[in-house]
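Here is how the chains run, residue by residue.
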Number of protein chains: 2
Amino acid sequence: MRHDWLADRWVIIAPQRTQRPSDFVFRPPLALDDQDCPFCFGHEMHTPEAVACYHSKRSSGPSQWKVRVVPNKFPAVNAALRCAGVLAEGAGSVLLDDISSDRGHGHHDNSIDLFRRRELTGGHEVIVESPKHLQSISQLDRETTQLVFMAYRDRLHYWLDERKLAYAVVFKNVGLDAGASLSHTHSQLIATDILPTDIQRSVDRMQHFADKESACLFCRMAEDELEQGVRVVEQTPDFLAFCPFASRLPSMLTIIPKQHQSAFQMLPDSQLEQLSWLTHRLVRRLERCYPETAYNFIIHTAPSCQRHSSSFHWRLELFPRITKVAGFEWGSDCYINPVSPENAASSLRAAGV
Amino acid sequence: MRHDWLADRWVIIAPQRTQRPSDFVFRPPLALDDQDCPFCFGHEMHTPEAVACYHSKRSSGPSQWKVRVVPNKFPAVNAALRCAGVLAEGAGSVLLDDISSDRGHGHHDNSIDLFRRRELTGGHEVIVESPKHLQSISQLDRETTQLVFMAYRDRLHYWLDERKLAYAVVFKNVGLDAGASLSHTHSQLIATDILPTDIQRSVDRMQHFADKESACLFCRMAEDELEQGVRVVEQTPDFLAFCPFASRLPSMLTIIPKQHQSAFQMLPDSQLEQLSWLTHRLVRRLERCYPETAYNFIIHTAPSCQRHSSSFHWRLELFPRITKVAGFEWGSDCYINPVSPENAASSLRAAGV
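Residues numbered from 1 in each chain as written. Chains lettered and ligands numbered in written order. Predicted model: local features only at pLDDT ≥ 70, side-chain atom pairs only at ≥ 80, totals over all residues. Heavy atoms only, no water.

A.B. asks: Is there a simple way to explain the interface of chain B and chain A in this structure?
C.D. replies: Where interface size is quoted, it is often the accessible area lost as the parts come together. Chain B puts 107 residues into the contact, and the matching count from chain A is 107 residues. Between chain B and chain A the total buried area reaches about 9,900 Å² when both faces are included, carbon and sulfur atoms providing 63% of it. In this structure, the salt-bridge partner of Lys324(A) is Asp177(B), at a minimum N-O distance of 3.0 Å. On inspection of chain B and its partner chain A, the count reaches 24 residue pairs in polar contact (both at pLDDT 80 or more). By residue class, the composition of the side of chain B that touches chain A is 53 nonpolar, 25 polar and 29 charged. (Contact = heavy atoms within 4.5 Å. Buried area = accessible area lost by both parts, 1.4 Å probe. Salt bridge = Lys/Arg side-chain N within 4 Å of Asp/Glu carboxyl O. Polar contact = N/O pair within 3.5 Å; in protein donor to acceptor, adjacent residues only side chain to side chain. Nonpolar A, V, L, I, M, F, W, Y, C, P; charged D, E, K, R; others polar.)

Put into structure tokens, the structure is as follows:
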């Protein structure tokens, strides 16, 4: 077992589990053709109006978009904090279900409320990453990849710094097994007015580390990982990519800036270019190791409302979805990972890109 | 959003998300034929020796087993606490990987250790639920279903009360999407010498509720759910099955005893019979709503080592795996559930069994 200090959670590393026999034959989901894809060039009328568009330096004009940000047509988050031009008509009122309040039935008025509800407000956007019907960020060219990361930066800046939402996260689902419903390459941003409990815990843990050690948790981790070397997959002048010591899933990767940075959205262009290309390379490495794999990535940046946000070190987490979460994991939140992070890192380093 | 008081976690209920279009066509995994199935009658030599066998009252003799418990051949848990006859030879030493300790490299000897490891000891067993190559507990007859639950009770008793392990959990994975590697109907038991962090938290929360309210959390919940009625799916004289108010996944079900009980393994035969048949009926309801669905269930019983274990109320959680965990959920531990528990309960009640 290995301890994930940030999450305060033990993970079971059990390489012998990969030898289990299976009598299931996995069949990858079929992707339909792109005729009805709402994200393809020419189908812009099937999404809400764009809140941002990014163009190639080599072309111009609104019809030549490379990356396009639109409000999610089926948002998970109520857009009650409306702002002219930002959220499409009808995107709101998604959490107003028709059940009357469960409180006030009587007996326990001063007691702990087991039926608390609240509206969640914020935003839910889709970053469409190509006018063409591509499936993975690894199929984008270098310039478009950079435009995608520019969109991440701009939209995080908008929701956290301008709109002052408590929390915002950028995430990417590629493939049905990673939770995608559309195959056209895209990412999403969800911004909310409250901090999820788990994020609050990780903010508190980072601050606790800083108080006790007079150092940042991830700055220390970068130092240790570079010294040990066995889990490092790739680095650039400013970034380090490694397989975390207590990875919950096989071949999980974390990318962090080597120098302390709290807010992803403060990245200068030169670093954004480095980071976007490093991510592209790492996805290609994953796809070499696990062809056509479903995968996710998530950008964790400092929540805006926190007193302690300067102790936060932003990170990007990238992981293929090659195992299923089973009953034990659901029941205990204790994960069994059949691939040691050292072996995963070694395979990923060896995968030529 | 709804608050899960036990987990102290908010869940997003977003029914409009079910209207999302998808261009993926899910293809259920193929199950190979049963020729090589290690769990079928006659193939007993392909598993470690049984630690328990259960027979029909109407037959006798060792060849007539209905339910069979064997040590897992590919255990996730190190069997260092060996006990004659219980753990197969060679089942041990699964966590001894070949990396030397990461400590002692030097610079941070008195600091927080980011690379903590430990051996995990305990047991990992498989409960084979039929001599025939069936796929779901819903295909078992009433007597065999009861024998399965009897095996759960006996093995939990063994690991928690005789062997005094800190934690033991029974769980069932049906289908590839629920984490199963073999299709022959079976459950598993994992017992460990430490309590997973998340379980410790839920034990503490239950105790906190008891301290503050002078009542048990789940006894209170049973009372409230029966009063409100909208989330109740089915009940027997002693048990209540409902869709929890803040369900993380669609059509999650919880079964609890109406009277306070901490330890599942203390159930008398008459209640075990009720519970096993109620579970069987609920699985059939799920399978009516979602044909051939993958599903899990998990039995949470009081950990043995806890001072507060009498405030623990055991429960069985049952849920189909019809949605995928996406990047947002992985990143925030905040779940988006597209089916309100009230609608789920209504559909499950309507599904004739």
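So that's the structure; there's more coming.
A.B. asks: So what exactly am I meant to see when it comes to unusual backbone geometry here?
C.D. replies: Glycine aside, a negative phi is what most residues show, and trans is what most peptide bonds show. With a phi angle near 50 degrees, Asp8(A) is a residue other than glycine that sits in the positive phi range. Take Asp8(A): it is sitting in the loop between strand S1 (2-4) and strand S2 (9-13). Backbone geometry at Glu292(B) places phi at a positive 55 degrees, although glycine is not the residue there. Secondary-structure assignment places Glu292(B) in the loop between helix H4 (269-289) and strand S13 (295-300). (Helix = DSSP H or I, 4+ residues; strand = E, 2+ residues; numbered from the N terminus.)

A.B. asks: What exactly am I supposed to notice about the sheet that holds strand S2 (residues 9-13) of chain B here?
C.D. replies: Within a sheet, adjacent strands bond to each other through the backbone by hydrogen bonds, running parallel or antiparallel. Residue and element names in this part refer to chain B. Strand order in the open sheet formed by 3 strands is S1-S2-S15, with mixed pairing between adjacent strands. Edge strands, defined here as strands with exactly one partner in the open sheet, are strand S1 (2-4) and strand S15 (335-337). Ignoring strand direction, the axes of neighbouring strands in this sheet form an average angle of 35 degrees. Inspection of the sheet shows S1 paired to S2 by 3 bridges, in the antiparallel sense. Of the residues in S2, the one forming a bridge with Asp4 is Arg9. (Pairing = 2+ DSSP bridges. Axes fitted to C-alpha atoms, helices over the stretch in contact; angles between N-to-C directions.)

A.B. asks: Honestly, the sheet that holds strand S9 (residues 186-192) of chain A in this entry has me stumped. Any pointers?
C.D. replies: Residue and element names in this part refer to chain A. With antiparallel pairing, the 10 strands of this open sheet are ordered in space as S5-S6-S7-S9-S8-S13-S14-S12-S11-S10. Only two strands of the sheet have a single partner each, and these edge strands are strand S5 (52-55) and strand S10 (232-235). Within the sheet, the average angular offset between the axes of one strand and its neighbour, ignoring direction, is 15 degrees. By the bridge criterion, 6 bridges tie strand S13 (residues 295-300) to strand S14 (residues 315-320) in an arrangement that is antiparallel.

These results come straight from atomic positions and should not be treated as a statement about function.
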